[in-house]
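Letter by letter, the chains look like this.
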Amino acid sequence: MDAVIDNDTSLRYGGLKMAVEEVLLKRQVNPGVAIGGLVLWMFVWVAWKSYSLRVKVDAVGVSPGLFGGWRAMFGFFPRGNDWIAEGYKKFSPTGKWFQIPSVARYMILPTSPKILEEMMAEAENILSFNEALADKLAIEWTIHPCIKHDRSHVKLIQTKLSQRLTTILPEVMDELVLAWEENANVGKEWTKVQISDMMLQIVARTTNRMFVGVPLCRNQEYLDNVIQYAGKVMMMGSILDCLPRIFRGPLTNPLMKKSYHYAIMRKHVGHILRERKEKMRELGEEWKDRPDDLIQWVLDFAVDEKASSEEELIARLLMMNFVSIHTTSEAILQTLYDIGSHPELQPPLHAEITEILSKDGMCKQSLTKMKKLDSVIRESQRLSPITTVTMVRKAMAPHTFSDGTHIPAGAWMGAPAAEIQRSNFIPNPTVFDGFRWERMGVENQSSGKAGKYAAVTTSFDHLVWGHGKYACPGRFFATTVEKILLSHIIERFEVRCPEGRPKNKLFGMACIADPKGVIELKMR
Ligand code: HEM
């Protein structure tokens, strides 16, 4: 299959090259002049973009001089997070905004909670979350235009997936345990485990038990395909986002072998989609016992012929895998690194988990009762969020905030989430204190505010999932999967990080758990 696609790609390249040469020959344009013109055009395009989107907000990370901002763009990946920390420290005491350069654009960051509230409340046609998300991941190219134009996948998560969470628990549990036992080979001796890749496999398989069921969720080719594709959307999306639109179409396939990944999906789910469609046609509303999985949900949510085409249905399946696998796996990895480097947390966690499971077994109520575990998960995400900037918005129209800050159409803004979460609204904010949220929950029990400190609860102080109407709709599912797997590990194993907590990799606005990090496990 790979070879076919490689041929396909080289044919496409060859075809493209010939077509370009033909046009240049016909118009008698020298190729050198054409390349020079293209470079000049790109230069003018970037200059025009920077000029039209300028805002009266202090910049951080920009060195002095005419091309300071441009030079700074290239420092964004290694230093972007340092700039945000520097800007937040400098400007948050006065509630001012600041901006940092990234390769694709400037990101404007308010520090005042009041402005964040205004930003969140603004209508989608003024400050758009969907446009920002679609641009950031070049979603029309990396996945499919239907994802941008029809947000039914969000509705599907909020309704079908959430309703199914309680009933699916035994299946998720079953798959997690099986996947863990098959991947981790740990006995009574301390055993070193490089956990990152293993966690991706386990989460992908478990998530797909819900999405596509058995046996497909255990098919290695299918799993590798959805894992690899999800990783590529993230990486290639950021590259394509930096380029003018006209380059995105021709470059997507060579960069990410999209047609190869779609072909693998067709191979594994194409026949299931066809069979289900046939049965839907045959039985219509009379088909009462239709399967309760993602494949059926995307079929049920498809409103017309185009939306129920194989291509768009596969795009939805890939999108769901993209939003769930790496995010959830990263969060589990970060929590395991924190638990392993704080051995004092393990006896109370173990006691809580064994007591609850021995009384009630694994069910939704048991997971809700695991307050210590919930607290550790929230604390881990607070200090190691998957992205250090959330609530990103793209201005679709010029907008002036209540403090007089004017934002032109096309400018981008977001909340400096990681810095807000490390600020002084809690004691010792830079220290990892695993049970702080459980204690705060107990203190606030009488006022009925205990839920305020749960891992899934968002606020302007806790932005790991975003906040407001676009907050992550998958956070209930993700936290459920996290709790099941972590409680299984803690119940059976001791965990330690012999070389200290593996350090996070900060890259632009991303915060990634060390993929080479090692933990040690020993059966209790
Ligand atoms: C620990 C795991 C996860 C983390 C940390 C996470 C985080 C986020 C964040 C930060 C956003 C953007 C919100 C904003 O910036 O305002 C988001 C959006 C989103 N997440 Fe998650 N997520 C996780 C798991 C999941 C899962 C498991 C699903 C699906 C089942 C999911 C589905 C989505 C979707 C569809 C959006 C876009 C929402 C929209 O378009 O309105 N996420 N997530």
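Each chain has its residues counted from 1, following the order in which its sequence is written. Per-residue local features are limited, in this predicted model, to residues with pLDDT of at least 70; the limit for side-chain atom pairs, both in listing and counting, is 80 or more; totals at the level of whole chains, interfaces and linings are taken over all residues.

> Help me understand the overall build of the protein, please; the structure alone is not making it clear to me.
Strands here are runs of E lasting at least two residues and helices are runs of H or I lasting at least four, both read from the DSSP assignment and numbered beginning at the N terminus. Of the regular secondary structure elements, the protein holds 21 helices and 12 strands. As defined in this context, the radius of gyration uses C-alpha atoms, and a globule is described by 2.2 Å times the residue total to the power 0.38. Its C-alpha atoms give the protein a radius of gyration of 25 Å, near enough to 24 Å, the size a compact globule of 524 residues would have. Relative to its 524 residues, the protein shows a buried fraction of 39%. Note that contacts rest on C-beta atoms placed from the backbone: two residues are in contact if these are within 7 Å. Looking at the protein alone, contacts between residues at least 24 apart form 72% of all its contacts between residues at least 6 apart. Think of it as a crowd count around each C-beta: if 20 or more other C-beta atoms lie within 10 Å the residue is buried, if 12 or fewer it is exposed, and in between it is partly exposed, with C-beta placed from the backbone throughout.

> Just to check I follow, could you spell out the packing of helix H18 (residues 371-383) against helix H20 (residues 436-443) for this structure?
Relative placement of two packed helices is described by the angle separating their axes and the distance separating the axes. Only the stretch in contact is used when a helix axis is fitted, and all axes are lines through C-alpha atoms; the angle between N-to-C directions ranges over 0 to 180 degrees. For the pair H18 and H20, the least separation of the axes is 7 Å and the interaxial angle reads 120 degrees. Comparing their axes, H20 and H18 come out oblique. Contacts between H18 and H20 involve Lys-371, Lys-372, Ser-375, Arg-378 and Glu-379 from the first element and Arg-436, Trp-437, Glu-438 and Gly-441 from the second. In terms of residue class, the contact of H18 with H20 is built from one nonpolar, two polar and six charged. An angle below 35 degrees is read as roughly parallel, one above 145 as roughly antiparallel, one from 65 to 115 as roughly perpendicular, and any other as oblique. In the scheme used here, Gly and all other residues not listed as nonpolar or charged are polar, with Ala, Val, Leu, Ile, Met, Phe, Trp, Tyr, Cys and Pro taken as nonpolar and Asp, Glu, Lys and Arg as charged.

> Would you explain the UniProt feature "binding site: heme" (unreviewed entry) in the protein in this entry?
Following the UniProt record, the feature "binding site: heme" (unreviewed entry) maps to Cys-472 here. Mapped onto the elements of the fold, Cys-472 is located in the loop between H20 and helix H21 (475-492). For Cys-472, a count of 20 C-beta atoms within 10 Å translates into the label buried. For Cys-472, the contacting residues outside a window of four places in its chain are Trp-465 and Gly-466. UniProt positions are given in the numbering used here, feature names are shortened, and annotations may be inferred rather than shown by experiment.

> What am I meant to see in the pairing of strand E9 (residues 493-496) here?
Moving residue by residue along a regular strand, the side chains alternate between the two faces of the sheet. Here E9 shows a clear split, with Phe-493 and Val-495 buried on one side and none of Glu-494 and Arg-496 buried on the other. Bridge analysis of E9 against strand E12 (residues 518-523) gives four bridges, and the strand direction is antiparallel. Across the sheet, residue Phe-493 finds its bridge partner in E12, namely Met-523. Should DSSP find at least two bridges between two strands, the strands are regarded as paired.

> Please explain the UniProt feature "transmembrane region" (unreviewed entry) in the protein as it appears in this structure.
Under the UniProt annotation, the feature "transmembrane region" (unreviewed entry) is placed at residues 29-48. Segment residues 29-48 splits into 90% helix and 0% strand. End C-alpha atoms: 26 Å apart.

> Whenever I open this one, the pairing of E12 confuses me. Can you help?
Note: strand E4 (residues 191-194) against E12, four bridges, orientation antiparallel. For Thr-191, the partnering residue across the bridge sits in E12 and is Leu-521.

> How should the nonpolar core be read in this particular structure?
For soluble globular proteins, the rule of thumb is that nonpolar side chains tend to be buried together. Think of a nonpolar core as buried Ala, Val, Leu, Ile, Met, Phe, Trp, Tyr and Cys residues, each tied to the set through C-beta atoms within 7 Å. Counting residues in each nonpolar core, the largest one holds 84 residues, and the members touching the most others are Val-226, Leu-317, Leu-318 and Leu-485. Ranked by size, the runner-up nonpolar core spans 35 residues in total, among them Trp-97, Ile-108, Met-119 and Ala-417.

> For this particular structure, what's the right way to read the domain arrangement of the protein?
Accessible area lost when the parts come together is the quantity often used to give the size of an interface. What fixes the domain bounds is an automatic or database domain assignment. Structurally, the protein comprises domain 1 (1-52) and domain 2 (142-523). Relative placement of domain 1 and domain 2: their C-alpha centres are 38 Å apart.

> Looking at this structure, how should I read the site of the ligand?
Around the ligand, the structure places 25 residues, and the nearest of them are Thr-327, Thr-390, Gly-466, Cys-472 and Gly-474. When its residues are assigned to classes, the shell around the ligand shows 17 nonpolar, eight polar and no charged. Being near a molecule or strand means, for a residue, that its backbone-placed C-beta atom lies within 6 Å of it.

> Teacher, can you tell me more about the sheet that holds E4 here?
Strand pairing in a sheet relies on backbone hydrogen bonds, with the paired strands running either antiparallel or parallel. Here we have three strands laid out as an open sheet, ordered E4-E12-E9, and antiparallel in their pairing. Where the open sheet ends on each side, the last strands, each with one partner, are E4 and E9. Taken pair by pair, the neighbouring strands of this sheet meet at an average axis angle of 35 degrees, ignoring direction. Relative to the sheet, helix H15 (residues 310-341) contacts E9 and E12, its axis offset from that of E9 by approximately 85 degrees.

> Sorry, what's going on with the sheet that holds strand E1 (residues 98-101) here?
Taken in spatial order, the five strands make up an open sheet running E1-E2-E8-E5-E3, and their pairing is mixed. A single partner strand is all that each edge strand has here, and the edge strands are E1 and strand E3 (127-128). Where E3 meets strand E5 (residues 390-395), two bridges bridge the pair, whose relative direction is antiparallel. The residue of E5 that forms the bridge with Leu-127 is Ala-395. Across the sheet, helix H4 (residues 76-91) touches E1 and strand E2 (106-109), and the angle it forms with E1 is around 170 degrees. On the sheet, helix H5 (residues 113-121) packs against E3, E5 and strand E8 (412-415) and is oriented at approximately 65 degrees with respect to E5.

> Looking at this structure, I do not really get the environment of Asn-30. What am I missing?
Note on placement: Asn-30 falls in the loop between helix H1 (2-26) and helix H2 (31-52). Among the residues examined, Asn-30 registers 9 C-beta atoms within 10 Å and is labelled exposed. Here the alpha-carbon distance between Asn-30 and Leu-273, two residues 243 residues apart in the chain, equals 50 Å.

> Looking at this structure, I do not really get the confidence of the model for the protein. What am I missing?
If pLDDT is low for a region, its predicted coordinates should not be looked at in detail. Confidence in the prediction of the protein, expressed as mean pLDDT, is 91, and 95% of residues score 70 or more. Scored between 0 and 100, pLDDT is the confidence that the predictor attaches to each residue. Here residues 1-12 scores under 50 on pLDDT; set against residues more than four positions off or in separate chains, the count is 11 contacts. At the level of chain-chain contacts, confidence expressed as ipTM amounts to 0.99, with global pTM at 0.91.

> Help me understand helix H10 (residues 195-211), please; the structure alone is not making it clear to me.
Note: α-helices contain 3.6 residues per turn, so residues at a spacing of three or four share the same orientation. What a helix is expected to span follows from its residue count: subtract one and scale by 1.5 Å. Its 17 residues place the ends of H10 24 Å apart at the C-alpha level, agreeing with the 24 Å of an ideal helix rising 1.5 Å per residue. Of all the 17 residues making up H10, 13 are buried; the element is thus mostly covered by neighbouring parts of the structure. Positioned one or two residues after H10, Gly-213 has a phi angle of 75 degrees, which is positive.

> So what exactly am I meant to see when it comes to the packing of H10 against H15 here?
Remark: H10 packs on H15, axes separated minimally by 9 Å, with the N-to-C direction vectors making an angle of 135 degrees. Taken as axis vectors, H10 and H15 run oblique relative to one another. By crossing handedness, the relation of H10 to H15 is classed as right-handed. Between H10 and H15, the residues in contact are Ile-195, Ser-196, Met-199, Leu-200, Val-203, Ala-204, Thr-207 and Phe-211 and Met-320, Ser-324, Ile-325, Thr-328, Ser-329, Ile-332, Leu-333 and Leu-336, respectively. A class-by-class count of the residues in the contact of H10 with H15 yields 11 nonpolar, five polar and no charged. Each helix crossing is assigned a hand: it is left-handed if the near helix lies turned anticlockwise from the far helix by less than a right angle, otherwise right-handed if that turn is clockwise.

> Teacher, can you tell me more about the environment of Lys-371 here?
For Lys-371, the position within the fold is in helix H18. Spatially, the C-alpha atom of Lys-371 lies 9.7 Å from that of Val-442, the residues being 71 residues apart in sequence. Beyond its immediate sequence surroundings of up to four residues, Lys-371 is in contact with Glu-438 and Gly-441.

> Please clarify how the environment of Leu-133 should be interpreted in this entry.
Within the element layout of this structure, Leu-133 appears in helix H6 (residues 129-136). Given 18 C-beta atoms within a 10 Å radius, Leu-133 is considered partly exposed. C-alpha separation for the pair Leu-133 and Leu-40, spaced 93 residues apart in sequence, amounts to 29 Å.

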